Amino acid sequence: MSKKPYYITTAIAYASGKPHIGNTYEIVLADSIARYKRFIGYDVRFQTGTDEHGQKIETKAFESLSTPKEFVDEKAGEIKRIWDLMNTSYDRFIRTTDPDHEVQVQKIFKKLYDQGDIYKGEYEGMYCTPCESFWTQSQLVDGCCPDCGRPVKAAKEEAYFFKLSKYADRLVKHIEENPEFIQPESRKNEMLNTFIKPGLQDLCVSRTSFKWGIPVDFDDKHVVYVWIDALSNYITGLGYDADGNHSELFKKYWPADLHLIGKDILRFHTIYWPIMLMALDIPLPKQVFGHPWLIQSDGKMSKSKGNVLYADDMVDLFGVDAVRYFLIHEMPFENDGVVSWELLIERVNSDLANTLGNLVNRTISMSNKYFGGVVTNGGVSDTYDEDLKKVVTETRIKVNQCMDKLRVADAVTEIWNLFKRCNKYIDETMPWALAKEEDKKDRLNTVLYNLVESITIGASLLEPFMPDTSAKILQQLNTEKRTVTQLGSFGLYPSGNKVTDSPEILFARIDMNEMLDEIARRFPSKAEEPEKEKKPAKVEEEKTEPAKIEAVKKAEITIDEFDKMQLQIGEILSCEEVPKSKKLLCSQVKIADRTLQIVSGIKNYYTPEQMVGKKVVVVTNLKPAKLAGMLSEGMLLCAEDDEGTLALLTAEKDMPAGSMIS
């Protein structure tokens, strides 16, 4: 029986510099999904690569006294080196300078032109060179690019345009009829309500102001602009042919099952790309997932701020699998994740060294100490065993449910719950106490057997996320990775098998202060300053008191009065500014199976983009009122300090929208 094909892609990295740890997160996330799909029986095709044309690269090449091709060869090599360092299992690393790609881009452009979807015109507007985007005056934010915040300049040039508006209604229909097409759901609402339904402008798809691009073969003044060039890599990398002579790879794997991209380029992949495919009469990808960002603890990574972290630096200090685990574990499904040196050290110590590493080492060491490394099922059960077996055998189901929803961090958490249950089992059964009683030998054998079997199942599930660590654990247990069908059974470890007699320390504990000193020495511009030990203040020194919050005390209420207020967790699906208001934002907030429109005076503290996706505390039974002419059906709860700064109250854990607060 042939395996079902599964095609996954990442965005192609722009070959203008070294990818930081936030860029690296995407390739590790995609690799985990690809490995998991292979594990459960899919025939996976995994593609990544580099976007190598454009004015920014032409300028950087000139500044570095190299040709554009020499420049991108070096940068693409660096990106590929990082992806390989992170042990990613891609099938093709495509470059937009690859000859097969360039030929097809020219043919795609000509086909769209011949059928009337591309036409020649003139573009005049404000141009952002880093983003390679034109903007109208009304789209600018404080006179700067709305995407990156950098200055723009007036530009005017002849260009070819793609008729986006021709396909807008068809795209809306597709998105509404395929609710899984754009994920998470909050991003889908943003694309529909903010960009598509207000009206699409035709898209500039060629340039004449620079030369580093794929030439338009019937008009040599023009080069193909980034949209058709970069986005089409997903089909050219499979052997798509605009003349219809597609390769077997294309016939097998297209349409893509998943485009995995950053939330900042969702618009290009859910508007421009689907419309291009509609014009080419090609099926649309099944799903586009816009993952959140991984940001530094002191804000978005920026070279000018000196807070950029790189994967190879982190791997040097902590190893590949520790960094892979950290990247996957720290990124929530919809909200941005935070990275810091301290947090990474804490995760290595608590999760990797303690929960996992110590478990494996203790189990193997006890097997060697008490039975010369031979693991035998003694057949003597106790009440603790059944709960352990239930947790272990159900982990496969829970992991699969998480992965089906692309909740990769949650899947890893389920595996760690298995390892934590094993540690609890050791505390419950106390093997060291059993070893003191000769008549408890068979029970001790059973306990150690159950631990080895449980760790084997956990290590097998761990392989997509931490492949090297999984292999090391299984090697030390002298066993093979389980197949997906075997994971639902408990007791497959061969009784009488022998574990290694010299267990390897998987992850050593790290001294926080020593490591922070080492980081500061190696990467002074990147290290976070550790909090220095404070010396006792002298008596005569003036002491600075912390600021106090003076809360206005309100009249006491009874529990019955409080009970009248209904508080629930709400998920903000979309948010927009209220016209002609300096303070108000209007949010669409999901509460269980209904959506409330809530107007809030928090515009000075949050942008609409920052609001989308948040899980907030909502008063849901407040009498509706009109604010600035708009109906408000509830209230978002905030905290306020003495300076008037507001902060939304959010759920500590990822609670479902509609959860009651009591």
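Refer to the structure above for everything that follows.
Computed from a predicted structure; not experimentally measured.

A. Quick peek at the overall build of the protein chain. The number of helices and strands found in the protein chain is 21 helices and 27 strands. Relative to the globule expectation of 26 Å for 662 residues, the C-alpha radius of gyration of the protein chain, 28 Å, shows essentially globular dimensions. Principal axes of the C-alpha set define a box for the protein chain whose edges measure 90 × 75 × 55 Å. Across the 662 residues in the protein chain, those meeting the buried criterion constitute 52%. Of all intrachain contacts in the protein chain linking residues separated by at least 6 positions in sequence, the fraction that spans at least 24 positions is 74%. As displayed, the protein chain has an accessible area near 31400 Å², and 49% of this comes from carbon and sulfur atoms.

B. Representation of the packing of aromatic side chains within the structure. Throughout the structure, instances matching the rule amount to 24 aromatic pairs. Ring geometry for Tyr119 versus Phe161: centroids 5.8 Å apart, planes at 25°, classification stacked. Taken together, the residues span a long stretch of sequence, with Tyr119 in strand E5 (residues 118–128) and Phe161 in strand E7 (residues 153–162) at a distance of 42 residues. What makes Tyr119 partly exposed here is its relative accessible area of 29%. Feature note: the residues Tyr7, Tyr234, Tyr240, Phe250, Tyr253, Trp254 and Trp273 constitute an aromatic cluster, connected by ring pairs. The ring of Tyr310 is capped by Lys18, whose NZ or CZ atom sits 4.6 Å from the centre of that ring. Looking at Arg207, its charged tip hangs above the ring of Tyr225, at a distance of 5.4 Å from the centre.

C. Geometry of empty space enclosed by the protein. Applying the stated criterion across every chain, the model contains one cavity of 30 Å³ or more. Looking at the largest cavity, its volume works out to about 50 Å³. Lining the largest cavity are Asp51, His53, Gly54, Glu132, Phe210, Trp212, Gly213, Val224, Tyr225, Val226 and Asp229. Within the lining of the largest cavity, the residues separate by chemical class into five nonpolar, three polar and three charged.

D. Quick peek at the packing of helix H12 (residues 320–329) against helix H15 (residues 408–429). Relative orientation of the contacting elements H12 and H15 amounts to 120°, with a least axis distance of 8 Å. Of the residues in H15, those in contact with Tyr325, Ile328 and His329 of H12 are Val408, Ala409, Val412, Thr413 and Trp416. Of the residues in the contact of H12 with H15, the class split is six nonpolar, two polar and no charged.

E. The arrangement of the nonpolar core in detail. Membership of the largest hydrophobic core comes to 103 residues, with the highest contact counts inside it found for Ile8, Ile21, Ile33, Phe318, Trp341, Trp416 and Phe465. Examining the composition of this core, we find that 13 residues originate from one element, helix H13 (residues 341–371), more than from any other. Ignoring anything within four residues of it in the chain, the contact list for Ile8 reads Ala30, Ile33, Ala34, Val44, Arg45, Phe46, Gln47 and Leu258. Counting 65 residues, the second largest nonpolar core, distinct from the first, contains Tyr7, Ile94, Met191 and Leu200.

F. Structural view of the state of the cysteines. Evaluation of the coordinates by the stated rule reveals zero disulfides. Cys586 forms no disulfide, and the closest cysteine sulfur to it belongs to Cys575, at a distance of 7.3 Å. For Cys586, a relative accessible area of 2% corresponds to the buried category.

G. Up close: the sheet that holds strand E9 (residues 203–204). On the basis of which strands lie adjacent, the open sheet formed by four strands has the order E6-E5-E7-E9 and antiparallel pairing. Each having just a single partner strand, strand E6 (133–135) and E9 make up the two edges of the open sheet. When E5 meets E7, the two strands line up antiparallel, connected through ten bridges. Paired with Glu124 across the bridge in E7 is Lys156.

H. Main features of H15. Relative to the 32 Å expected for 22 residues at 1.5 Å per residue, H15 spans 32 Å between its end C-alpha atoms, a close match to the ideal helical length. Looking one or two residues beyond H15, the residue adopting positive phi is Met430, at roughly 50°.

I. Structural detail: the pairing of E5. When E5 meets E6, the two strands line up antiparallel, connected through three bridges. Residue pairing for E6: Tyr127 is matched across the bridge by Phe134. Connecting the antiparallel pair E5 and E6 is a turn made up of four residues, with Glu132 showing a positive phi of about 55°.

J. Structural view of the environment of Tyr310. Its location among the elements puts Tyr310 in the loop between strand E14 (294–296) and helix H11 (311–318). Residue Tyr310 is classed as buried on the basis of its relative accessible area of 11%. Considered as a pair, Tyr310 and Lys472 are 162 residues apart in the sequence and their alpha carbons are 26 Å apart.

K. Here's a closer look at unusual backbone geometry. Here the residue pair Gln183 and Pro184 is connected by a cis peptide bond, since its omega of -5° sits within 30 degrees of zero. The topology assignment puts Pro184 in the loop between strand E8 (182–183) and helix H6 (185–196). In this structure, the amide linkage connecting Trp254 to the following residue, Pro255, adopts the cis form with an omega of 10°. Structurally, Pro255 can be placed in the loop between helix H9 (248–253) and strand E12 (258–262). Phi at Asp142 is positive, roughly 55°, even though this residue is not glycine. Here Asp142 shows up in the loop between E6 and E7. Within the chain, Asn478 stands out as a residue other than glycine whose phi angle is a positive 60°.

Reading the values: the criteria
- Residues numbered from 1 in each chain as written.
- Predicted model: local features only at pLDDT ≥ 70, side-chain atom pairs only at ≥ 80, totals over all residues.
- Heavy atoms only, no water.
- Helix = DSSP H or I, 4+ residues; strand = E, 2+ residues; numbered from the N terminus.
- Rg over C-alpha atoms; globule rule 2.2 N^0.38 Å.
- Buried < 20%, exposed > 50% of the residue type's maximum accessible area, 1.4 Å probe, protein only.
- Contact = heavy atoms within 4.5 Å.
- Areas by Shrake-Rupley, 256 points an atom, 1.4 Å probe, with all protein chains shown as cover.
- Phe/Tyr/Trp six-rings, centres within 6.5 Å; stacked < 30°, edge-to-face > 60°.
- Lys NZ or Arg CZ within 6 Å of the ring centre and 35° of its normal.
- 1 Å grid on protein atoms, 1.4 Å probe; cavity = no way out; pocket = protein on both sides within 12 Å on 5 of 7 lines; lining within 4 Å.
- Points joined across faces, edges and corners; volume = space filled by probe spheres on them.
- Nonpolar A, V, L, I, M, F, W, Y, C, P; charged D, E, K, R; others polar.
- Axes fitted to C-alpha atoms, helices over the stretch in contact; angles between N-to-C directions.
- Core = buried A, V, L, I, M, F, W, Y, C linked by side-chain atoms within 4.5 Å.
- Disulfide = S-S within 2.5 Å.
- Pairing = 2+ DSSP bridges.
- Expected span 1.5 Å × (residues − 1).

Read these as geometric descriptors, not functional statements.
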